[in-house]
Structure formats: structure tokens, C-alpha cells
Amino acid sequence: MTIADNVVPGPRPTYDCTKCPAYCCSYDRIIVEKEDLKRLAKHHGIDVETARRRFTKVKEGEQVLRHQKDSIYGSICMFLDLKTRGCTIYHARPGVCHEYPDKRRCGYYDFLQWERRHQQDPEFIPLQKG
Ligand code: SF4
Ligand code: SF4
């Protein structure tokens with residue numbers, strides 16, 4: 001799916017990205033390193049400079065992924081499929097997406113589950129922005 005969906009060694013993660021609308025992909029500072037850019041360029045069959053211009057922008061001195069409008073979070077990574085809420089470049093996603101949340105728990109997922117229990121609605125999505 002999204003930023004996470006990673007295989008974490010040891011005990012199983014307590015979160016399930018397939019039941020989350022990809023909150024972590026709404027971060028506005030998904031950093032793109034040189035190797036990430038090369039991977040993105042190769043994946044799309046374009047040169048690195050074109051990939052840099054097309055997929056990234058500079059925010060506060062950092063190269064980050066561009067966003068698109070999103071009805072849930074206001075804006076979200078340009079590579080998220082807005083219908084399935086899954087990553088469209090899963091195998092070419094930046095390293096930071098691959099690593100997140102790098103532990104068994106995801107704080108947002110815990111919050112989401114708490115809200116869903118509280119609302120007695122297993123599909124409830126608290127609006128965060130916009
Ligand atoms: S590249 Fe994929 S996993 Fe990373 S923020 Fe964008 S949609 Fe999410
Ligand atoms: S916010 Fe947490 S549960 Fe949701 S997609 Fe990201 S890592 Fe998965």
C-alpha cells in the first residue's frame with residue numbers, strides 16, 4: 001500500500017495499512033534522496049532531471065515529493081491512488097516510505113482504531129486537514 005506495509009522483523013506489527021486511508025502519505029515532507037530519484041526515474045523510463053522536476057519540489061531546502069489534492073487530508077502524495085488509497089509506485093517508492101513507521105506500532109493507526117471504536121463505525125475517518 002502506502003508508506004508502510006513494510007515487513008518488520010520480530011513480532012507482527014499492530015497496524016494494518018489496508019484499513020487506513022494512508023495518513024502517512026499526507027506528510028508534506030516526504031524526502032527524496034539521490035538514490036530515490038534514480039529509482040523513480042528508472043521506474044518511469046525518464047532521466048533523473050526530468051523526474052526531479054516532475055515528481056519533486058524544494059521545501060525549506062529539502063527535495064520532497066509533490067502533492068495532489070485530497071478530499072480526506074487536504075493534500076497527499078502525488079503517487080497515491082485516491083480511490084484505492086494505495087501507492088502507485090510501491091516498488092519504486094522512496095526509502096523513507098519503505099522504512100516508515102520502523103516499529104511495531106503506528107500512532108495514527110492506534111488513534112484511528114480508537115476513533116472507530118468510539119464512533120462505533122469501523123470505517124470512520126477523522127478529517128485532519130482542510
Ligand atoms: S510514494 Fe507511495 S508510499 Fe510514499 S508517500 Fe507517496 S503514495 Fe505514500
Ligand atoms: S498511517 Fe500508519 S497505518 Fe496508515 S498507512 Fe501509514 S503506516 Fe499504515
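Data block above holds the structure.
These figures come from a predicted structure and were not determined experimentally.

The secondary structure content of the protein chain amounts to four helices and four strands. Tracing the protein chain from N to C terminus, the helices and strands come up as α-α-β-β-β-β-α-α. The C-alpha extent of the protein chain, read off along each of the three principal axes, is 50 × 40 × 25 Å. By sequence separation, contacts in the protein chain at least 24 residues apart represent 58% of the contacts at least 6 residues apart. As displayed, the protein chain has an accessible area near 8100 Å², and 51% of this comes from carbon and sulfur atoms. Averaged over its 23 positive side-chain charges, the protein chain has a centre that lies 2 Å from the centre of its 18 negative ones.

Core analysis: the biggest nonpolar cluster contains 28 residues, and Cys25, Leu40, Leu65, Phe79, Ile89, Tyr108 and Tyr109 have the highest contact counts within it. Among the elements of the structure, α1 (34–44), α2 (48–55), β4 (74–77) and α4 (107–119) are those that each provide at least two residues to this core. Excluding its chain neighbours within four sequence positions, the residues that come into contact with leucine 40 are Val32, Phe55, Leu65, Phe79, Ile89 and Ala92.

Looking at chain direction, strand β1 (residues 56–59) and strand β2 (residues 62–65) are connected through four bridges and run antiparallel. Bridge assignment links valine 58 to a residue of β2, and that residue is glutamine 63.

This brings us to the pattern of salt bridges. Scanning the model with the defined rule gives nine salt bridges in all. Here lysine 59 ties to aspartate 28 by a salt bridge, and the two come within 3.8 Å at their closest N and O atoms. With a gap of 31 residues between them, lysine 59 in strand β1 and aspartate 28 in the segment before α1 connect regions that are remote in the sequence. The salt bridge partner of glutamate 35 is lysine 38, with a shortest N-O separation of 3.1 Å. Here the residue glutamate 35 and the residue lysine 38 both occupy positions in helix α1, the gap between them amounting to three residues, near one helical turn. Overlapping salt bridges bring together Glu49, Arg52 and Arg53 as one network.

Cut-offs used in this document
Position numbers for residues count from 1 along each chain, tracking the sequence in the order it is written. As they are written, the chains are lettered A onward and the ligands numbered 1 onward, keeping that order. Since the coordinates come from a predicted model, pLDDT governs what is reported: local features require at least 70, and pairs of side-chain atoms require 80 or more to be given and counted, while whole-chain, interface and lining totals use all residues. Only hydrogens and water are set aside; all other atoms, that is, all heavy atoms of the structure, feed into the side-chain values. The secondary structure listing takes helices from DSSP runs of H or I that are at least 4 residues long and strands from runs of E that are at least 2 residues long, numbered from the N terminus. Two residues form a contact once any of their heavy atoms are found within 4.5 Å. Working definition of accessibility: Shrake-Rupley area with a 1.4 Å probe, residue cover restricted to the visible protein chains. By the counting scheme adopted, Arg and Lys are positive, Glu and Asp are negative, and His together with the chain ends is not counted. Where a charge sits is defined by one atom per residue type, namely NZ (Lys), CZ (Arg), CG (Asp) or CD (Glu). Side-chain atoms within 4.5 Å link the members of a nonpolar core, which is a set of buried Ala, Val, Leu, Ile, Met, Phe, Trp, Tyr and Cys residues. Only protein chains enter the accessibility calculation, which uses a 1.4 Å probe. A residue is then buried if its area is under 20% of the maximum for its type, exposed if over 50%, and partly exposed in between. In this analysis, strands are considered paired if DSSP registers two or more bridges between them. By definition here, a salt bridge exists when the distance from a side-chain nitrogen of Lys or Arg to a carboxyl oxygen of Asp or Glu is within 4 Å.

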